[in-house]
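Working through the structure, step by step
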Amino acid sequence: MKILNYRAYEGKNIYSHRKVVRMDVDLQGYCETPSKCIDGFNDKLIELLPEIWEHRCGIDEDHGFVKRLREGTYLAHVCEHTIIALHSRVGLEIAYGKAREIKGDLYYVVFEYIYKKTALAIARLAIDLINSLISKKYIDLQSRIRDIKNILEYENLGPSALALCEAAKKQGIPIIRFDDDSMFQFGYGRYSKMIQATIDSNTSSISVDIASDKVLTKKLLEMQFLPVAKGDKINSQLELLIEAEAIGYPVVLKPRYGYQGKGVYLNIKNEKQLIEAYNKIKSKYKDIMVEQYVEGYDYRVCVVDGDVIAVSRRNPPIVKGDGVSTIKELIEILNSDESRGDGHEKPLTKIKIDNELIFCISKSGYSLDSVLEDGKELVLRENSNLSTGGTSEDCTDKICKENIDICIRASKAIGLNICGIDLCCMDVSKPLYDNGVIVEVNAAPGIRMHHYPSEGTPRDVANVIVSALFKNSPKSIPLIAITGTNGKTTTTRIVAHTLRGLGYTVGMTTTSGVFLNDQCIVKGDMTGFFSARSILLNKDVDVAVLETARGGIIRNGLAYDLADVGVITNISDDHLGIDGVNTLEELAHVKSLVIEAVKPDGYSIINGDDDMCRKISSRAKGNLIVFSKDKDNEFLRENLDKGNYGIYISNNSIYVEKNRRIFHIADLRDIPITFNGALTHNIENVLTATASLVGLEIDYCIISKGLKSFQCDDKHNKGRFNQFDVRGVKVILDYAHNIQGFNAIFSSIKNMGYSKVTGVIGIPGDRNDSVGFEIGKLCSKYLSFSYIKEDSDKRGRQENEVANIIRQGFGNNSNFKIILDEGEALSEAIDNAKQGDLIVAFYEDYDKLYKVILDKQNITPKKGLA
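I will try to describe carefully the structure that is included in this document. The shown structure was predicted, so the numbers you read here are calculated from the model rather than taken from an experiment.

Rules and cut-offs
Residues numbered from 1 in each chain as written. Predicted model: local features only at pLDDT ≥ 70, side-chain atom pairs only at ≥ 80, totals over all residues. Heavy atoms only, no water. Helix = DSSP H or I, 4+ residues; strand = E, 2+ residues; numbered from the N terminus. Buried < 20%, exposed > 50% of the residue type's maximum accessible area, 1.4 Å probe, protein only. Contact = heavy atoms within 4.5 Å. Areas by Shrake-Rupley, 256 points an atom, 1.4 Å probe, with all protein chains shown as cover. Lys, Arg positive; Asp, Glu negative; His and termini not counted. Charge placed at Lys NZ, Arg CZ, Asp CG, Glu CD. Phe/Tyr/Trp six-rings, centres within 6.5 Å; stacked < 30°, edge-to-face > 60°. Lys NZ or Arg CZ within 6 Å of the ring centre and 35° of its normal. Pairing = 2+ DSSP bridges. Salt bridge = Lys/Arg side-chain N within 4 Å of Asp/Glu carboxyl O. Axes fitted to C-alpha atoms, helices over the stretch in contact; angles between N-to-C directions. Parallel < 35°, antiparallel > 145°, perpendicular 65-115°, else oblique. Left-handed = near helix turned anticlockwise from the far one by under 90°. Nonpolar A, V, L, I, M, F, W, Y, C, P; charged D, E, K, R; others polar. Arc of directions from axis to C-beta. Polar contact = N/O pair within 3.5 Å; in protein donor to acceptor, adjacent residues only side chain to side chain.

Here we come to the overall build of the protein chain. When you go through the protein chain residue by residue, the secondary structure sums to 29 helices and 38 strands. With the C-alpha coordinates aligned to their principal axes, the bounding extent of the protein chain is approximately 105 × 70 × 55 Å. Per-residue burial for the protein chain yields a buried fraction of 55% across its 866 residues. For the protein chain, the proportion of contacts with a sequence separation of at least 24, taken over those separated by at least 6, is 65%. Total accessible area on the protein chain is roughly 37000 Å²; 46% of this is exposed by carbon and sulfur atoms. In the protein chain, 110 side chains carry a positive charge and 118 a negative one; their mean positions are 3 Å apart.

If you want it as structure tokens, here you go:
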């Protein structure tokens, strides 16, 4: 069994609304061999992965998968469950997976993931494990698990970051994570906020720098007459001894720019201990400071936007002797607690044996090999940071008003909107002035001590931080996603055009590029994941209007979490046979993702005149809007009867109806892109756009204005039925590239009264042969003469292959000529045309054909147009 390729989906996708990996595998001759027929396979797998006993499998009963194993199941299915079990082994709980045949030995396995690199490492281990059970050449499973845990350690989110993400989700705020860092964007577009740990978009960078400098922090607090421990930086051993003498023993020695309690030596009682500590610290840290040691407990006060949110008393790690175990063994027992992990991955951190710990216990007369007396408690560190093994007790209800005021003043003195203020005092319920000092002010304070106290009430600090982040600000921008077979681009452009008229900065993705208002950021077909993501990350964007194509959905899923409006224009048999989508039902399944990923109070919009749209309407989330060219459409009337919106044509006008209230939007004759109702496909596009704007709750007068000012030209709707006059010959450029698109154009031309029409025709190379043949039949029927061309991007075809397929559709009709280059084909078509003739060219490269037209008009193209 081997991996052929894989694809990780970050968001909602055609397999699941969860993050998943699709992995294609080759069973290498074992597609017909059930696991029960492989000697020793099942028993060894269960022995190595007892987690499999808990899998209910598709039969949904206790030990369901083990039952399937014993009955006999196939290796792709085994691989799926092995991956889920290995996730459990490293402490990650996932539940979703499936395996499906592609053909013969080729299968794909889909499984949920939390962390991408960890998941891929687990998938590789699953394959290796299965192969080892078949060959009986067993692998070192425990060693491989350790390697994966190391990957997970760097990739996973700690309790603080997880708490912030959960708080954002509860508030309905979408989240984008950047790589493996704990750097996130909360929200989209203009109102989005960046956050890393507990430093956010509102945090002052200079204030972070100040807080990182313990000497400067101390001086600023002193200037505000806030209680701090006496102390200063030192540059040599002599300075250290002089400063310590001036302060008076006991003292504290620590790094000036330290963090997480690392390198801190507390309660140094004499010169000998001080020199010993100094010799240990100077090899690791260049900038060192000494300060007064104050007797008391270690309190952490969390301040957010000028309010004290939570208070914890942090206690140093302690072991209790049993008269038998050494101190090192007692530490190992303490570290075996499931709530302790490496770094910040769990509520508590494992205790690390280092110089500071050895120095601390040595002052009590112990070494790591000492057997601690029965019942004796030994403090392992003099600092109480959770990151070095400490525990916490919630004291939020105990802090006195005077100390609250002190902490708020300290946060303002440093200028931090979020900070953790460390106090040292005997009792936080008594004023600090007579009771203790401010030890430090911390930027990016950890919040797990408040969320997961060892004693006391958990405090939801993350929710307060997220709420403060979006105080007086929307939590995201409106987002509309538009999919379908035909009409996506025009609909997207009409919606964006109307919204720009309101003064919004609109981020738009289409088949022609990514746009910020009228500015094209990048050209090309930009209807997939990464182009949409670029809009969502752009801080100028007020509204996101995203054309969302089939290919992008299949390859990468959706770039967003939930849309305010999800739209399906229509569904017909285009792109079948590509990316594993072979039927219209499968294509509908792909496109339905757009209406499944809609907010509960949002709108799903579907075409009431389209059979497949009606069939998948039950998948739509939010409120349903139906549009139709027929006001008596049965499906539309049913939706109206439920109190939902309906948009339709009546007496050549567009109307919006809801709860028996009917509103006139515009007459078709006043909407330029319908050509007085002749362009039936654009009537449908206008209906779709109207429904989309209604879903965004845009005023009807504004919608009307947008429809009436949107032109069918290269400024507003480039490449969609754009008309040009070349010395009395009418030339239309259009991007129709499937049977339905060609039919729509021919119907529109007929409605406009043209009888003699020449075509420059072709289709993309990845369409089925049957599509090319039908296009040929259509063109032989509707066109007086055809120039058959090919796209420069053959999409896997040989030269002349597509042209010959189209030619076959002409049958005995000889009114065609094959000219493969579309520019040359259009040029000859114009040269052979007479005044009053019409040429329609179905292009691949708009700019190339536009330049041909300008050349024939003897016009020099404007800069940037060609």
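To continue, consider the packing of aromatic side chains. For the structure shown, the criterion picks out 19 aromatic pairs. Measuring from ring centre to ring centre gives 5.0 Å for phenylalanine 529 and phenylalanine 530, while their planes differ by 75 degrees; the resulting arrangement is edge-to-face. Looking at phenylalanine 530, the relative accessible area reads 56%, which means it is exposed. The cationic tip of lysine 44 hangs over the ring face of tyrosine 138; the distance from NZ or CZ to the ring centre is 4.8 Å.

Another aspect to go through is the pairing of strand β7 (residues 193–196). Of the two faces of β7, only one is covered, namely that formed by Lys193 and Ile195; the face formed by Met194 and Gln196 stays uncovered. As defined by bridge partners, strand β6 (residues 183–186) adjoins β7 across 4 bridges and the pair is classed as antiparallel. Looking at β7, one finds that phenylalanine 184 is bridged to isoleucine 195. In this structure, the hairpin formed by β6 and β7 is closed by a connection of 6 residues, where glycine 187 is found at a positive phi of approximately 85 degrees. Pairing between β7 and strand β8 (residues 199–200): 2 bridges, direction antiparallel. When the bridges of β8 are listed, isoleucine 195 appears paired with aspartate 200. Hairpin connection, β7 to β8: the antiparallel pair is bridged by 2 residues, and alanine 197 has positive phi, about 55 degrees.

Attention now goes to the pattern of salt bridges. One pass over the full model with this rule turns up 48 salt bridges. A salt bridge links arginine 381 to aspartate 354, with the shortest nitrogen-to-oxygen separation between them at 2.9 Å. Of this pair, arginine 381 sits in the loop between β18 (377–379) and β19 (391–394) while aspartate 354 is found in the loop between β17 (348–349) and α12 (355–362), placing the two residues 27 residues apart along the sequence. In terms of burial, arginine 381 and aspartate 354 fall into one category: buried. Residues participating in the shared-partner salt-bridge network are Lys214, Lys218, Lys254, Glu291 and Glu440.

Once that is clear, we can look at the sheet that holds strand β25 (residues 519–523). For sheets, the rule is that strands pair by backbone hydrogen bonds, running either parallel or antiparallel. Strand order in the open sheet formed by 11 strands is β25-β24-β23-β26-β22-β27-β28-β29-β30-β31-β32, and the pairing between neighbours is mixed. What marks the edges here is a single partner per strand, and that holds for β25 and β32 (661–667). Sheet twist, expressed as the average angle between the axes of neighbouring strands with direction ignored, equals 15 degrees. One ladder, built from 4 bridges, connects strand β22 (residues 479–483) with strand β27 (residues 563–568); its direction is parallel. Note on β27: the bridge partner recorded for isoleucine 480 is valine 565. Lying on the sheet, helix α23 (residues 680–695) is in contact with β22, β27, β28 (598–607), β29 (623–628), β30 (646–650), β31 (653–658) and β32; it crosses β29 at an angle near 155 degrees.

Our focus in this paragraph is the sheet that holds strand β12 (residues 288–292). Pairing is antiparallel across the open sheet formed by 4 strands, whose spatial order is β9-β12-β10-β11. Edge positions in the sheet fall to β9 (231–234) and β11 (265–268), since each of these pairs with one other strand and no more. Averaged over all pairs of adjacent strands, the angle between their axes in this sheet comes to 20 degrees, without regard to strand direction.

Further remarks concern the packing of helix α3 (residues 75–89) against helix α4 (residues 116–135). It is the contact of α3 with α4, at a shortest axis distance of 9 Å, that shows an interaxial angle of 125 degrees. Taken together, the axes of α3 and α4 are oblique relative to one another. As α3 runs across α4, the sense of the crossing is right-handed. On α4, the residues that touch Leu75, Val78, Cys79, Thr82, Ile83, Leu86 and His87 of α3 are Ala119, Ile122, Ala123, Leu125, Ala126, Ile127, Leu129, Ile130 and Ile134. Split into classes, the residues belonging to the contact of α3 with α4 amount to 14 nonpolar, 2 polar and no charged.

Along the chain, cysteine 395 turns up in the loop between β19 and α13 (401–414). Under the relative-accessibility criterion, cysteine 395 is labelled buried at 3%. Distance from cysteine 395 to threonine 457, taken between C-alpha atoms, is 8.5 Å for residues 62 residues apart in sequence.

The complete set of buried residues in helix α8 (residues 214–223) reads Lys214, Val215, Thr217, Lys218 and Leu221. Down the axis of α8, the sector holding all buried residues measures 160 degrees, keeping them to one side. For α8, the secondary structure elements touched by its buried residues are α7 (205–212), β9, β10 (251–255), β12, α13 and β21 (436–442). Near the N-terminus of α8, the side chain that reaches the backbone nitrogen of valine 215, with its oxygen 3.1 Å away, is that of aspartate 213. Looking one or two places after α8, you find phenylalanine 225, whose phi comes out positive at around 60 degrees.

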